[in-house]
Amino acid sequence: KQMHLSTVETMIKDNEESIQHERRGMRVKMGHESKVLRRAEDTFNRKKNHPILREARDGCIMTKITVPTTYDVEVYVYTPKNLENNKRNACFIHAHGGGAVGLSAADVKNWRANFAVKCGVVLFDVECHMAPETKYPNNVKDFYAVIKYISENSYSLGIDSQRIGIAGESGGGY
């Protein structure tokens, strides 16, 4: 069945107008989302410097270790100052959230310091590798390697190997 050329031209023109309308809508939507994200980031930055969190940060010794894996994994270590000389501390190993594509352990260090101080534990926060640079399950394997490393080196890290807890949220929780 043949179509008249003007019918085809009309269909192409209608399709192009539809695409342009969709693009305009996306620009408006993306503009709104950018504003929402900017506001959320401003709130996040204000809250992460809250006086209670700054006080906790001051009550912690913050260091970093590197755990050898296929890709070396950086781990932030938060030791409350009152636990510094103990050799059998409870510890908490944490995988940060961010959907495996965003955030960083460094972004939430004041919260982690607060957790360590309030709970009286040495907290290890794993800097997980993220997509698209790493593919699932490599980030889970990284977390497992950190757990194994801390368990095997517990004495030199000042940790009681019988008191190790693990957790994570969002992308760090699977």
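Summarised in this report is the structure supplied together with it. As the structure is a computational prediction, the values presented were derived from the model and not from experiment. (Residues numbered from 1 in each chain as written. Predicted model: local features only at pLDDT ≥ 70, side-chain atom pairs only at ≥ 80, totals over all residues. Heavy atoms only, no water.)

### Regarding the overall build of the protein chain
- Regarding its fold elements, the protein chain presents five helices and five strands.
- Burial status across the protein chain gives 30% buried among its 174 residues.
- When contacts within the protein chain are restricted to residue pairs at least 6 apart in sequence, those whose partners lie at least 24 apart make up 71%. (Helix = DSSP H or I, 4+ residues; strand = E, 2+ residues; numbered from the N terminus. Buried < 20%, exposed > 50% of the residue type's maximum accessible area, 1.4 Å probe, protein only. Contact = heavy atoms within 4.5 Å.)

### Focus on the sheet that holds strand E3 (residues 89-95)
- Spatial strand order, E1-E2-E4-E3-E5: five strands in an open sheet with mixed pairing. The open sheet has two edge strands, strand E1 (60-67) and strand E5 (159-168), and neither has a second partner. Across the sheet, the axes of successive neighbouring strands diverge by a mean angle of 25 degrees, strand direction being ignored.
- Sheet topology note: the E3/E5 ladder contains six bridges and is parallel. (Pairing = 2+ DSSP bridges. Axes fitted to C-alpha atoms, helices over the stretch in contact; angles between N-to-C directions.)

### Let's talk about the environment of valine 140
- Relative to the elements of secondary structure, valine 140 occurs in helix H4 (residues 138-152).
- Valine 140 sits in the partly exposed class, given a relative accessible area of 31%.
- Separated by 45 residues in sequence, valine 140 and alanine 95 place their C-alpha atoms 9.2 Å apart.

### Concerning the side chain of aspartate 125
- Turning to its location among the elements, aspartate 125 is positioned in strand E4 (residues 122-126).
- Only 3.0 Å separates the side chain of aspartate 125 from the side chain of histidine 94, close enough to count as a polar contact.
- Those residues within four positions of aspartate 125 in sequence are excluded, and the remaining contacts are Glu74, Val75, Tyr76, Tyr78, His94, Ala95, His96, Ala105, Val108 and Arg112. (Polar contact = N/O pair within 3.5 Å; in protein donor to acceptor, adjacent residues only side chain to side chain.)

### Description of the nonpolar core
- Residues Val75, Cys91, Ile93, Phe124, Val126 and Val146 are the most contacted members of the largest nonpolar core, which totals 17 residues.
- Taken together, the elements giving at least two residues each to this core come down to E1, strand E2 (73-80), E3, E4 and H4.
- For this core, the element with the highest residue contribution is H4, accounting for four residues.
- Contacts of cysteine 91, omitting those with residues within four sequence positions, involve Val121, Val122, Phe124, Ile150, Ile159, Arg163, Ile164 and Gly165.
- Grouped together as the second largest cluster of nonpolar side chains are ten residues, Tyr76, Ala105, Ala113 and Leu123 included. (Core = buried A, V, L, I, M, F, W, Y, C linked by side-chain atoms within 4.5 Å.)

### Focus on the pattern of salt bridges
- On inspection of all chains with the given rule, the structure shows five salt bridges.
- As a salt-bridge pair, aspartate 58 and arginine 57 come within 4.0 Å of each other at their nearest N and O atoms.
- When salt bridges with common partners are traced through the structure, they connect Arg88, Asp160 and Arg163 into a single cluster. (Salt bridge = Lys/Arg side-chain N within 4 Å of Asp/Glu carboxyl O.)

### So, the pairing of E2
- Across the eight residues of E2, seven count as buried, placing the element largely inside the fold.
- Here E1 runs beside E2; their pairing, made up of eight bridges, is antiparallel. Within E2, the position partnered with valine 67 by the bridge is valine 73.
- Remark: five residues form the turn of the hairpin made by E1 and E2, two consecutive strands paired antiparallel.
- One ladder, built from four bridges, connects E2 with E4; its direction is antiparallel.

### Looking at the pairing of E4
- Burial of E4 is extensive: five of the five residues sit out of reach of the surface.
- Residues Val122, Phe124 and Val126 line one face of E4 and the alternating positions Leu123 and Asp125 line the opposite face, and both faces are buried.
- Inspection of the sheet shows E3 paired to E4 by five bridges, in the parallel sense. Across the sheet, isoleucine 93 pairs through a bridge with phenylalanine 124, a residue of E4.

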